[in-house]
Amino acid sequence: SSTKLLIKGGTVVNAHEMEVADVYVEDGIIVAVRPNIKVGDDVTVLDATGKFVMPGGIDPHTHLDFEFMGTETIDDFFSGQAAALAGGTTMHIDFVIPVNGSLLSGLEAYEKKSKKSCMDYGFHMAITKWDEVVSKEMEIMVNEKGINSFKFFMHYKGSLMINDELLLQGFKKCKSLGALAMVHAENGDAAYEGQRRMIELGITGPEGNALSSPPVLEGEATARAIKLAGFINTPLYVVHVMSIDAMEEISKARKSGQKVIGEPVVSGLVLNDSWLWDPDFITAAKYVMSPPIRAAGHGKALQAALSMGTLQLVGTDHCPFNSTQKALGIDDFRKIPNGVNGSIEERMHLVWDTMVESGQISVTDYVRVTSTECARIFNIYPRKGAIRAGSDADIIILNPNSSFEISAKSHHSRSDTNVFEGWRGKGKVEVTISGGRVVWLNDELKVFPGSGKYVEMRPFSYLFNGIDKADAKYLSSLKAPVKRFRATT
Ligand code: URP
Ligand code: ZN
Ligand code: ZN
Ligand code: ZN
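Residues numbered from 1 in each chain as written. Chains lettered and ligands numbered in written order. Predicted model: local features only at pLDDT ≥ 70, side-chain atom pairs only at ≥ 80, totals over all residues. Heavy atoms only, no water.

Here we have seven strands laid out as an open sheet, ordered S6-S9-S10-S11-S12-S13-S14, and parallel in their pairing. Two strands bound the open sheet, and with one partner strand each, they are strand S6 (57–62) and strand S14 (260–262). Looking at each pair of strands side by side, their axes are set apart by 25° on average, direction ignored. Bridge analysis of strand S11 (residues 149–153) against strand S12 (residues 180–184) gives five bridges, and the strand direction is parallel. Among the inter-strand pairings, Phe-150 is bridged to a residue of S12, identified as Ala-181. Contacts from helix H14 (residues 363–377) reach S6, strand S9 (89–96), S12, strand S13 (236–238) and S14 within the one sheet, and its direction differs from that of S6 by about 60°. (Pairing = 2+ DSSP bridges. Helix = DSSP H or I, 4+ residues; strand = E, 2+ residues; numbered from the N terminus. Axes fitted to C-alpha atoms, helices over the stretch in contact; angles between N-to-C directions. Contact = heavy atoms within 4.5 Å.)

Another point: the site of ligand 1. Near ligand 1 lie 13 residues; those nearest to it are His-63, Tyr-156, His-184, Ser-290 and Asp-317. In this structure, His-63 approaches ligand 1 through a side-chain N or O atom, which is 3.0 Å from an oxygen atom. Note that a nitrogen atom of ligand 1 is positioned 2.8 Å from one of the backbone N or O atoms of Ser-290. In the shell around ligand 1, the residues fall into four nonpolar, seven polar and two charged. (Near = heavy atom within 4 Å. Polar contact = N/O pair within 3.5 Å; in protein donor to acceptor, adjacent residues only side chain to side chain. Nonpolar A, V, L, I, M, F, W, Y, C, P; charged D, E, K, R; others polar.)

This part is about the coordination of the zinc ion (ligand 2). Within the protein, the zinc ion (ligand 2) binds to Asp-65 (OD) and Glu-72 (OE); these donor distances fall in the range 2.1 Å. Of the residues examined, Asp-65 reaches a relative accessible area of 12% and is grouped as buried. (Donors = N, O, S within 2.8 Å, 3.2 Å for Na, K, Ca; no water. Buried < 20%, exposed > 50% of the residue type's maximum accessible area, 1.4 Å probe, protein only.)

This paragraph deals with the confidence of the model for the chain. Mean pLDDT over the chain works out to 97, with 100% of the residues at or above the 70 mark. Across the whole predicted complex the pTM is 0.97, and at the interface the ipTM reaches 0.96. (pLDDT = per-residue confidence, 0-100.)

Right, let's get into helix H7 (residues 215–232). Along its 18 residues, H7 runs 26 Å from first to last C-alpha, staying within 8% of the 26 Å computed at 1.5 Å per residue. In the stretch just after H7, Asn-233 is the one whose phi turns positive, near 60°. (Expected span 1.5 Å × (residues − 1).)

Note: strand S1 (residues 4–13) against strand S5 (residues 52–55), two bridges, orientation parallel. Bridged to Val-12 within S5 is Val-53. Where S5 meets strand S15 (residues 395–405), four bridges bridge the pair, whose relative direction is antiparallel. Residue pairing across strands places Pro-55 opposite Ile-395, the latter belonging to S15.

In this section: the environment of Gly-178. Take Gly-178: it is sitting in the loop between helix H4 (164–177) and S12. Given a relative accessible area of 2%, Gly-178 falls into the buried group. In this structure, the C-alpha to C-alpha distance between Gly-178 and Arg-484, residues 306 residues apart in sequence, is 38 Å. Ignoring sequence-local partners within four residues, the contact set of Gly-178 consists of Pro-459, Phe-460 and Phe-464.

Within the protein, Lys-151 (NZ), His-184 (ND1) and His-240 (NE2) serve as the donor atoms for the zinc ion (ligand 3), at 2.1 to 2.5 Å. On the primary sequence, the residues serving as donors to the zinc ion (ligand 3) are separated as K-x32-H-x55-H. Taken as a pair, the zinc ion (ligand 3) and the zinc ion (ligand 4) show a spacing of 3.9 Å. With Lys-151 in strand S11 and His-240 in the loop between S13 and helix H8 (244–255), the pair connects residues that are 89 residues apart, well separated along the chain. Note on accessibility: Lys-151 and His-240 belong to one class, buried.

What follows covers a nonpolar patch on the surface. Taken together, the side chains of Tyr-474, Leu-475 and Leu-478 make up a nonpolar region of the molecular surface, amounting to roughly 330 Å² of accessible area. Tracing the sequence through the fold places Tyr-474 in helix H15 (residues 467–477). (Patch = residues over 30% accessible without salt bridge, like charges linked within 9 Å, V, L, I, M, F, W, Y side chains within 5 Å. Areas by Shrake-Rupley, 256 points an atom, 1.4 Å probe, with all protein chains shown as cover. Salt bridge = Lys/Arg side-chain N within 4 Å of Asp/Glu carboxyl O.)

The next subject is the nonpolar core. If you look at the biggest cluster of nonpolar residues, it comprises 118 residues, and the most contacted ones within it are Met-54, Phe-150, Phe-152, Phe-171, Val-183 and Tyr-366. When residues of this core are assigned to their parent elements, the largest contribution, seven residues, is made by H14. With residues up to four places along the chain from it excluded, the contact list for Val-183 reads Phe-152, Met-154, Leu-167, Phe-171, Ala-225, Leu-236, Tyr-237, Val-238 and Val-239. With 17 residues, the next largest nonpolar core counts Leu-5, Val-25, Ile-387 and Ile-433 among its residues. (Core = buried A, V, L, I, M, F, W, Y, C linked by side-chain atoms within 4.5 Å.)

Glancing now at the pattern of salt bridges. Inspection of every chain in the model, using the stated rule, returns 27 salt bridges. Among the salt bridges present, the one from Lys-173 reaches Glu-139, with a minimum N-O distance of 2.6 Å. Taken together, the residues Lys-173 in helix H4 and Glu-139 in helix H3 (residues 132–144) connect sequence positions 34 residues apart. Across the pair Arg-294 and Glu-218 runs a salt bridge whose closest N-O atoms are separated by 2.8 Å.

So, about the pairing of strand S10 (residues 120–127). Most of S10 is tucked away: eight of the eight residues are buried. Of the two faces of S10, both are covered, the one formed by Asp-120, Gly-122, His-124 and Ala-126 as well as the one formed by Tyr-121, Phe-123, Met-125 and Ile-127. Direction of pairing for S9 relative to S10: parallel, over a ladder of six bridges. Paired with Phe-95 across the strands is His-124, a residue of S10. The β-α-β motif built from S9, the intervening helix H2 (residues 103–113) and the parallel element S10 has right-handed crossover chirality. Of the strand pairs in this sheet, S10 and S11 are connected by three bridges, and their pairing is parallel. (Right-handed = clockwise from strand over helix to strand, strands pointing away.)

Here you go:
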């Protein structure tokens, strides 16, 4: 790798336009984008003729080195990011989980875990309890630590789940800080009841995952979160939208003008729940996650919603456990660690193959849903999510005529299985450039720990535009208070 790089002759794609041009990079930054750039022989030249030159993918939803359900995800910040880079993703945003409710302790732990990073990353923060300390810590996160988004779990009763009262306090605080509220929308009380019912019926296997928390529970929680965010008048981001039920609530709210963002994840877009009925326990357990992967039909509807802009960007929810970890739930599906492997590396390929190759979205839309929209929502655009002078040199070269094949044998994740095993498709990321360095070329990965940078995210993204006006309008719409006179005695 060199500090000077020229990508020649490719079709440069941004979220709203594309043109044949050269891209010149120096010291990790894009310096120029125009046709026929001339350089000296100290510059490494990559030929991109006939290929697409695009912003590296940004994955808004990952769980690396995540302690969850009595175990820990099998990919840490190094192996997960190495896998990401091999698949054309150059930045991810991971979820910090508080330690005993403390945001600062949680962040400290994640700062340690992420020291071995080999690509750029940012953090969301989960909120798992509520008191004055948490409220104060949220201010510190936003004002000093570069975190501008908070996730509220409406599911995982007994561990991460919060109630509506906390949701309202949290939304209010997010709004006052200019931070984005995110929800895991599933009715946790009802899902808990559903799990008990399955066990009573003797359903102890992985299919209990889908049966205990049907789409209606995701739809209910999505609607509730949307309505409460509307009541507070703050933007809302719904993570891992898995069902038509949830998607339709988002669609309705957006049509009414509410600022709601919906994030489908790759597993929900391209898989269906039939695997959960596989007679082999481990094969089925691989697909256990929350919200559950849905029946065939939901994925297709989510794809259509993504193509129409009802849903705005694609995440992975990469949360891999290997077979021995999944086996923790061999007698009881409630103990199977929730999360699917195989997606941080596969997202760019699968979205291309499923959405672009099939003609559902354009190449510019591809850049929008895999990179640019995420950068805009989390307020790091145009440093990230764009091929233009001044932006970070996080760039991929995708060959639309080349093919890819997915297998646990060749993937870069540490997990021993891949939920997309055997998938063959068109459109291959042949080159990944991270911070101006060529890290993926000729199917070879050149990464080293410590080279990734923490990306601070500032509050008040574009989603907050107009919120003040709406508040003022609401206040002025309130009728004047009634003056009441009381007789004095
Ligand atoms: O099953 C899942 N999705 N595991 C990761 C944690 C979460 O809820 O995002
Ligand atoms: Zn660890
Ligand atoms: Zn979740
Ligand atoms: Zn997740």
